[in-house]
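# Structural overview
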Amino acid sequence: QVQLVESGGGLVQAGGSLRLSCAASGRTFSDYDMGWFRQAPGKERGFVAAIRWSGGYTYYADSVKGRFTISRDNAKNTVYLQMNSLKPEDTAVYYCAAHPRPLAGSLYLAQTYVYWGQGTQVTVSS
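All figures in this text were calculated on a predicted structure; none of them were measured in a lab. The written sequence of each chain sets the order in which its residues are numbered from 1. With pLDDT at 70 or above as the cut-off, local features in this predicted model cover only qualifying residues; side-chain atom pairs require 80 or more to be listed or tallied, and sums for whole chains, interfaces and linings still use all residues. Computation of side-chain values: all heavy atoms of the structure, hydrogens and water removed.

Looking only at helices and strands, the protein has 0 helices and 11 strands in total. Each helix (α) and strand (β) of the protein, taken in turn from the N terminus, gives the series β-β-β-β-β-β-β-β-β-β-β. Taken over C-alpha atoms, the radius of gyration is set against a globule rule of 2.2 Å times the number of residues to the power 0.38. The C-alpha atoms of the protein give 13 Å as radius of gyration, which agrees with the globular expectation for 126 residues (14 Å, within 12%). Along the first, second and third principal axes, the C-alpha atoms of the protein reach 40 × 25 × 25 Å. Each residue gets one of three labels from its accessible area relative to the maximum for its type: buried under 20%, exposed over 50%, partly exposed in between, using a 1.4 Å probe on protein chains only. Out of the 126 residues belonging to the protein, those deemed buried represent 44%. Any pair of residues with heavy atoms lying within 4.5 Å of one another is described as a contacting pair. In the protein, the share of contacts with a sequence separation of at least 24, taken over all contacts with a separation of at least 6, comes to 59%. For the protein, the accessible surface area stands at approximately 6200 Å², while carbon and sulfur atoms represent 48% of it. In the protein, the 12 positive side-chain charges and the 8 negative ones have mean positions that sit 3 Å from each other. Strands are runs of DSSP state E lasting at least 2 residues, helices are runs of H or I lasting at least 4, and numbering of each runs from the N terminus. Each accessible area is a Shrake-Rupley result for a 1.4 Å probe, and residues are judged covered by the shown protein chains and nothing else. Just so you know, the count uses Lys and Arg for positive and Asp and Glu for negative, and it drops His and the chain ends. The atom standing in for a charge is NZ when the residue is Lys, CZ when it is Arg, CG when it is Asp and CD when it is Glu.

Encoded structure:
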């Protein structure tokens, strides 16, 4: 089992940047593929980005490609989401999630992930 705690959310103007962090504790962090999802009010939780256990492969939603970067530091048990050129439509609660190896399912789907953090609010003002 792994526990996930997100941080780094906040209020930022459009065009600005934020870096989210997700600290993991429990089992060996490199045993997990990691993902970021977000949920805006009245909308379903949607995929943002994912990274394989080794950091060698990354995946992005089309809406964030070229603006967001997912990365991980297995020595620090942390996954990051660098968000640049933020837009008001990026406003949401952002969640990190973990899926234990071996991968079973699609990293684009929330249902694939077993463990979730509590979320961190990101608000982008226009």
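Attention now goes to the sheet that holds strand β8 (residues 78–83). On the basis of which strands lie adjacent, the open sheet formed by 4 strands has the order β1-β3-β8-β7 and antiparallel pairing. Each of the sheet's edge strands pairs with one partner strand only, and the pair in question is β1 (2–7) and β7 (68–73). Each strand of the sheet is rotated relative to its neighbour by a mean of 15°, with strand direction disregarded. Here 6 bridges tie β1 to strand β3 (residues 18–26), and the two strands are oriented antiparallel to one another. Note that in β3 the partner of E6 across the bridge is C22. We treat two strands as partners when DSSP finds at least two bridges between them. Interaxial angles span 0 to 180 degrees and are taken between N-to-C directions of axes, which are lines fitted to C-alpha atoms, for helices over the stretch in contact.

This part takes up the environment of Y115. The residue Y115 is located in strand β10 (residues 115–116) in this model. Between the C-alpha atom of Y115 and that of Q3, which follows or precedes it by 112 residues, the distance is 7.3 Å. Leave out the neighbours within four places in its chain, and Y115 touches Q1, V2, L4, Y32, C96, A97 and A98.

The subject of this paragraph is the pairing of β8. Burial runs high along β8: 5 of the 6 residues are buried. Bridging between β3 and β8 involves 6 bridges; their strand directions are antiparallel. Bridge pairing links L20 to L81 in β8. The pairing of β7 with β8 spans 6 bridges and is classified as antiparallel.

This part covers the nonpolar core. What we call a nonpolar core is a set of buried Ala, Val, Leu, Ile, Met, Phe, Trp, Tyr and Cys residues that are connected through their side-chain atoms within 4.5 Å. Residues L4, M34, W36, L81, M83 and Y94 are the most contacted members of the largest nonpolar core, which totals 37 residues. Going through the elements one at a time, β1, β3, β4 (32–39), β5 (46–51), β7, β8, β9 (92–100) and β11 (120–125) are the ones with two or more residues in this core.

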